[in-house]
Amino acid sequence: MKIKLTTKKLIAAISSVSANVQKKSLLPINSFVLLTIKDSRFSVTTSNESAQMSQFFSIDEDIEFLACVHCTLLLNTIKLLKSEDIELEVKTRKNGSKYLFIKAGRGSYKLDMTNPEAFSFLKFGDTIDTLTVTGDNLFEKIKIASGCVNDNDVRPQFTAITIRSEGNNGVITGFSPSCGTEQNVSVVSGSIKESFIPKHICTLLGMNVMSGETVVSVSEKRIKINNGSFEMIGTLINATPLKLDAIWSQQSEDVYTVNRQDLLDSVARVLNFTGIDDKMVVLKFDSDQVKVMADDINNGNSGEEIVPVIDTNCGELMIGLNGTFLSACLRSISTQEVTINAKTDNKPVFIQDSAIGNPTQKWIIAPVIIQNAMSYREDAEEKRKTKAAAKGTIGN
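Overview of the structure. Each chain has its residues counted from 1, running along the sequence as written. Local features are withheld for residues below a pLDDT of 70 in this predicted model, meaning they are given only at 70 or higher, and side-chain atom pairs are given and counted only at 80 or more; totals for whole chains, interfaces and linings count all residues. Only hydrogens and water are set aside when side-chain values are computed; all heavy atoms of the structure are taken into account.

Moving on: the nonpolar core. Residues enter a nonpolar core if they are buried and are Ala, Val, Leu, Ile, Met, Phe, Trp, Tyr or Cys, with the set joined through side-chain atoms within 4.5 Å. The buried label applies to any residue whose accessible area, calculated with a 1.4 Å probe on protein chains only, is under 20% of its type's maximum; exposed applies above 50%, and partly exposed to all values in between. By size, the foremost hydrophobic cluster in this structure holds 58 residues, and its most contacted members are Phe42, Leu74, Leu88 and Leu100. The element contributing the most residues to this core is helix α1 (residues 7-18), with 5 residues. Discounting residues that sit within four places of it in the chain, Phe42 has contacts with Ile3, Leu5, Leu10, Leu35, Thr36, Ile37, Gln55, Phe56, Phe57, Ile59, Phe65 and Leu88. Judged by nonpolar contacts, the second largest core, of 33 residues, contains Leu271, Val309, Ile340 and Ala342. Counting from the N terminus, the helices are DSSP H or I runs at least four residues long and the strands are E runs at least two residues long. Residue contacts are counted whenever heavy atoms from the two residues lie within 4.5 Å of one another.

Spelled out as structure tokens, the structure:
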């Protein structure tokens, strides 16, 4: 039986799950997409050994429909169609094999089908914990946290983010030896144990946007995230939880408050003056301002900006930070002001939003050690002159 869909809606549904398709899998079925209709709901599903993604949307018809075709071929075909509507129909050849017949405008296309029974569904198992959160920024928080982890690290706790419930908050964390973050989302109901979601699963989630309430369920080995129009099942990993209380307890009482956007803009500009391999940005604090500096000692380029300090209870401090991590931190925070907790030039820097007593975003960034920090700029200039003199190109 024929079904009629809007081309735009079908493209959006397939695109949202196509990133889960494994192009070089040893199992050809992992390159296919399953199209089904149940209870007037059209579903598009891709699956492999570690993740399964489904997108749903309502249709007017409630008929039997089941097709399993090559995902990339189907997506590329309908993307090029100029017709606003598309007709799909499963047909049978004389030899008994089936194909998906696509009719759009004056064009028609035949896509060979594989047996839908061969499609590899990922089994979720028995639910252990369930948490319902507001999904407006859930995926964005997951994306931010996953930016801190490194899937090439041999230590599993640094290759995955964690999600857990803590009172009225869902807490999402991502850590590496260089930086880490803790992001909060509002809990509607339920609770969930701390679970480790590997980075490649987070990357797939970050490609989608969810709104409204989202249900997060955990079984012994897998996590399921569903908001009614999208569902993902992913395989969890086993890792030893980090001692987060010990990490955050390193904060001192030395705090600088600055305008977030002003600092972000300054960091973005001076980053142009760092070397290819050295992304260090130096922050020099005093009671009323912070100097944002960067030097490329290979060619003598340098940049310096001044950002006013809104409030502080401490004196002068100079510290070096990875400018890429600092920019990511400042971009992710939404409040107008940020508080920067820094004590010495060889201790981690803590940055959080300005929500007094209950921050929704917290970051920790390891310092880039500056030798003889207070004469940093003079040292950089001396190195530049030494290198230029060795080449015989030194100027005034």
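With 7 of 8 residues buried, strand β4 (residues 51-58) is to be regarded as a mostly interior element. Pairing between two strands is assigned when DSSP locates at least 2 bridges connecting them. Relative to β4, strand β3 (residues 41-47) runs antiparallel, the two sharing 7 bridges. Bridged to Thr45 within β4 is Ser54. In this structure, the hairpin formed by β3 and β4 is closed by a connection of 3 residues. The sheet contact formed by β4 and strand β16 (residues 230-235) spans 5 bridges and is antiparallel. Opposite Met53, over in β16, you have Met232 as the bridge partner.

A separate point is the packing of aromatic side chains. Centre distance within 6.5 Å is the pairing criterion for rings of Phe, Tyr and Trp, where only the six-membered ring of Trp is used; planes under 30 degrees apart are then read as stacked, over 60 as edge-to-face, and the remainder as tilted. Tallying each qualifying case throughout the model produces 7 aromatic pairs. An aromatic cluster is present here, built from Phe42, Phe57 and Phe65 joined pairwise through their rings. In this scheme, Lys NZ or Arg CZ marks a charge over a ring once it lies within 6 Å of the ring centre and within 35 degrees of the ring normal. The side chain of Arg41 reaches across the aromatic face of Phe56, ending 3.9 Å from its centre. A cation over a ring is seen here: Lys224 above Phe124, with NZ or CZ 4.7 Å from the ring centre.

Contact pair helix α6 (residues 260-270) / helix α7 (residues 323-332): the axes reach a minimum separation of 10 Å and the direction vectors enclose 150°. With respect to α7, the element α6 is oriented roughly antiparallel. The chirality of how α6 crosses α7 is left-handed. Where α6 approaches α7, its residues Arg260, Leu263, Leu264 and Val267 are matched on the opposing element by Gly323, Leu326, Ser327, Leu330 and Arg331. Under the convention adopted here, Pro, Cys and the residues Ala, Val, Leu, Ile, Met, Phe, Trp and Tyr are nonpolar, Asp, Glu, Lys and Arg are charged, and Gly plus all remaining residues are polar. Across the contact of α6 with α7, the residue classes break down as 5 nonpolar, 2 polar and 2 charged. Here an angle of 0 to 180 degrees is reported between the N-to-C directions of two axes, which are lines fitted to C-alpha atoms, with helices fitted over the stretch in contact. Comment on the angle field: the value is read as roughly parallel under 35 degrees, roughly antiparallel over 145, roughly perpendicular from 65 to 115, and oblique elsewhere. Definitions for this section: a left-handed crossing has its near helix turned counterclockwise from the far helix by less than a right angle. A right-handed crossing has that turn clockwise.

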